[in-house]
Amino acid sequence: MKAFFKTLFGDARNIAGVATVVAVAAALTGTGHAAWAVVAMPAACLAAVAWSAFQ
């Protein structure tokens, strides 16, 4: 069961990475730059994965 919850929710780095990606998307969309969010979100995802992988 522990492995299931770790896969479902991840750890603190995973949650922080997802929160950062969502914050980037929300900030850019909220300021009227939704087209920039399309470019910035993959970059933020790659950065979050790299940060999470090299712990």
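Residues numbered from 1 in each chain as written. Predicted model: local features only at pLDDT ≥ 70, side-chain atom pairs only at ≥ 80, totals over all residues. Heavy atoms only, no water.

Q: It is not clear to me how the overall build of the chain should be interpreted in this structure. Could you clarify?
A: Within the chain one finds three helices and zero strands. Mapped from its N terminus to its C terminus, the chain presents α and β elements in the order α-α-α. Over its C-alpha trace the chain gives a radius of gyration of 13 Å, far above what one expects of a compact globule, namely 10 Å for 55 residues. Across the 55 residues in the chain, those meeting the buried criterion constitute 13%. Counting only carbon and sulfur atoms, one obtains 77% of the accessible surface of the chain, whose full area is about 4200 Å². (Helix = DSSP H or I, 4+ residues; strand = E, 2+ residues; numbered from the N terminus. Rg over C-alpha atoms; globule rule 2.2 N^0.38 Å. Buried < 20%, exposed > 50% of the residue type's maximum accessible area, 1.4 Å probe, protein only. Areas by Shrake-Rupley, 256 points an atom, 1.4 Å probe, with all protein chains shown as cover.)

Q: When you look at a nonpolar patch on the surface in this model, what are you seeing that I'm missing?
A: Residues M1, F4, F5, L8, F9 and I15 make up a contiguous nonpolar surface patch of roughly 680 Å² in combined accessible area. Per-element tally for the nonpolar patch: the top contributor is helix α1 (residues 2-9), with four residues. In this fold, F5 is placed in helix α1. (Patch = residues over 30% accessible without salt bridge, like charges linked within 9 Å, V, L, I, M, F, W, Y side chains within 5 Å. Salt bridge = Lys/Arg side-chain N within 4 Å of Asp/Glu carboxyl O.)

Q: Is there a simple way to explain the packing of helix α2 (residues 12-30) against helix α3 (residues 34-53) in this structure?
A: How two helices pack is summed up by the angle between their axes together with the distance between the axes. Axis separation between α2 and α3 bottoms out at 9 Å; the angle between their running directions is 165°. As far as their axial angle goes, α3 and α2 are roughly antiparallel. Note that α2 runs across α3; the crossing there is right-handed. Of the residues in α3, those touching α2 at R13, A16, G17, V21, V24, A25, L28 and T29 are A34, W36, A37, A40, M41, A44, C45, A48, W51 and S52. Looking at the contact of α2 with α3 residue by residue, the classes come out as 14 nonpolar, three polar and one charged. (Axes fitted to C-alpha atoms, helices over the stretch in contact; angles between N-to-C directions. Parallel < 35°, antiparallel > 145°, perpendicular 65-115°, else oblique. Left-handed = near helix turned anticlockwise from the far one by under 90°. Contact = heavy atoms within 4.5 Å. Nonpolar A, V, L, I, M, F, W, Y, C, P; charged D, E, K, R; others polar.)

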